[in-house]
Amino acid sequence: MSNSSKRIQGYSSGRARSVVTLICLMVFSVTFVIYTSYYLPSQVATHFNVDNEPDGWMTRNAYLLLILTLLISIPTVVSLGISMLSEKYPHLINLPNPDYWLAPPRLNESLDFLAAHGHRLGRLVIVLMTGLHYVVLVANRAEPPALPQSWFMAILLGFVFALAMWVLALYRRFSKP
């Protein structure tokens, strides 16, 4: 087997590992949401005003359907969108130094990195959605329901920080050669 064939096979297995970890995290999160939703009241406070008072309500079943739909669809669209669109339409990819990184000798390696990086973003979104569900769970355990603002801010700021690191990793990977 030639050296370039080994390299391509290694990147493909890396892409497969990336998909498997995305799916495993999604299965864990879906299981967590389903299990913990039984601890929610029949009417769930899902939105809170500036004074931290609930001003939006849903039935438990409607909330569960909504959170599971978002938990599955958003990361799937994000991760598959990045990996599949970059694979099918590499000319539409907007990267730093595209002439170098999308040249034929480096194209497969670049596309594999983009696919894995898209899956990383999908995993970040799963963690965000699971964290937001946890905040709703904690909020509804209080009487009257109140959003735990420190948890909410920690989850949002953690996501923003992780997203900034995700963007930085993308720019570092595709910096000038």
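Below: a short report on this structure.

What counts as what
Residues numbered from 1 in each chain as written. Predicted model: local features only at pLDDT ≥ 70, side-chain atom pairs only at ≥ 80, totals over all residues. Heavy atoms only, no water. Phe/Tyr/Trp six-rings, centres within 6.5 Å; stacked < 30°, edge-to-face > 60°. Lys NZ or Arg CZ within 6 Å of the ring centre and 35° of its normal. Pairing = 2+ DSSP bridges. Helix = DSSP H or I, 4+ residues; strand = E, 2+ residues; numbered from the N terminus. 1 Å grid on protein atoms, 1.4 Å probe; cavity = no way out; pocket = protein on both sides within 12 Å on 5 of 7 lines; lining within 4 Å. Points joined across faces, edges and corners; volume = space filled by probe spheres on them. Nonpolar A, V, L, I, M, F, W, Y, C, P; charged D, E, K, R; others polar. Buried < 20%, exposed > 50% of the residue type's maximum accessible area, 1.4 Å probe, protein only. Expected span 1.5 Å × (residues − 1). Contact = heavy atoms within 4.5 Å. Salt bridge = Lys/Arg side-chain N within 4 Å of Asp/Glu carboxyl O.

**Let's talk about the packing of aromatic side chains**
Then step 1. Tallied over the entire structure, the rule returns six aromatic pairs.
Then step 2. Judged by centre distance (5.9 Å) and plane angle (70°), the ring pair of tyrosine 35 and tyrosine 39 falls under edge-to-face.
Then step 3. Taken together, the ring pairs connect Tyr100, Trp101, Phe113 and Phe174 into an aromatic cluster.
Then step 4. Across from the ring centre of tyrosine 100, 3.7 Å away, lies the NZ or CZ of arginine 106, which sits over that ring.
Then step 5. Here arginine 173 stacks its cationic end above the ring of phenylalanine 113, 5.2 Å away from the centre of that ring.

**Focus on the pairing of strand S1 (residues 43–48)**
Regular strands place side chains that alternate from one sheet face to the opposite one.
Then step 1. Pairing between S1 and strand S2 (residues 54–59): five bridges, direction antiparallel. The partner of phenylalanine 48 across the bridge, within S2, is proline 54.

**A short note on the layout of surface pockets**
Then step 1. The computed volume of the largest pocket comes to approximately 290 Å³.
Then step 2. Around the largest pocket, the lining is made up of 15 residues, and of these Thr46, His47, Tyr63, Leu132 and Val136 lie nearest the centre.
Then step 3. Of all elements in the fold, only S1, helix H2 (60–88) and helix H4 (104–141) reach the threshold of two or more residues within the lining of the largest pocket.
Then step 4. The element best represented in the lining of the largest pocket is H4, accounting for five residues.
Then step 5. A per-class count over the lining of the largest pocket returns 12 nonpolar, three polar and no charged.
Then step 6. As a volume, the second largest pocket reaches approximately 220 Å³.
Then step 7. Looking at the lining of the second largest pocket, the elements that each hand over two or more residues are H2, H4 and helix H5 (149–173).
Then step 8. A class-by-class count of the residues in the lining of the second largest pocket yields nine nonpolar, four polar and no charged.

**Regarding unusual backbone geometry**
Then step 1. The omega angle of the peptide bond from glutamate 143 to proline 144 is -5°, so this bond is cis rather than trans.
Then step 2. Within the secondary structure, proline 144 is located in the loop between H4 and H5.
Then step 3. Here the phi dihedral of asparagine 52 falls at roughly 65°; this positive angle occurs in a residue that is not glycine.
Then step 4. A residue is classified by how much of its surface remains accessible, and asparagine 52, at 17% relative accessible area, is buried.
Then step 5. You will see that asparagine 97, though not glycine, has its phi angle at about 55°, which is positive.

**Considering H5**
Then step 1. In this model H5 runs 36 Å from its N-terminal to its C-terminal C-alpha over 25 residues, within 8% of the 36 Å that 1.5 Å per residue would give.
Then step 2. For H5, the full list of buried residues reads Ile155, Phe159, Trp166, Leu170 and Arg173.
Then step 3. As for H5, its buried residues are in contact with H2, helix H3 (98–101) and H4.

**Here's the deal with the pattern of salt bridges**
Then step 1. One pass over the structure, following the stated rule, counts three salt bridges.
Then step 2. Glutamate 87 is the partner of arginine 15 in a salt bridge, and the nearest nitrogen-oxygen pair spans 3.1 Å. Highlighted residues: arginine 15 in helix H1 (residues 3–37) and glutamate 87 in helix H2, separated in sequence by 72 residues.
Then step 3. Residue classification places glutamate 87 among the partly exposed residues on the basis of a relative accessible area of 40%.
Then step 4. For the salt bridge of glutamate 109 with arginine 173, the shortest nitrogen-to-oxygen distance reads 3.5 Å.

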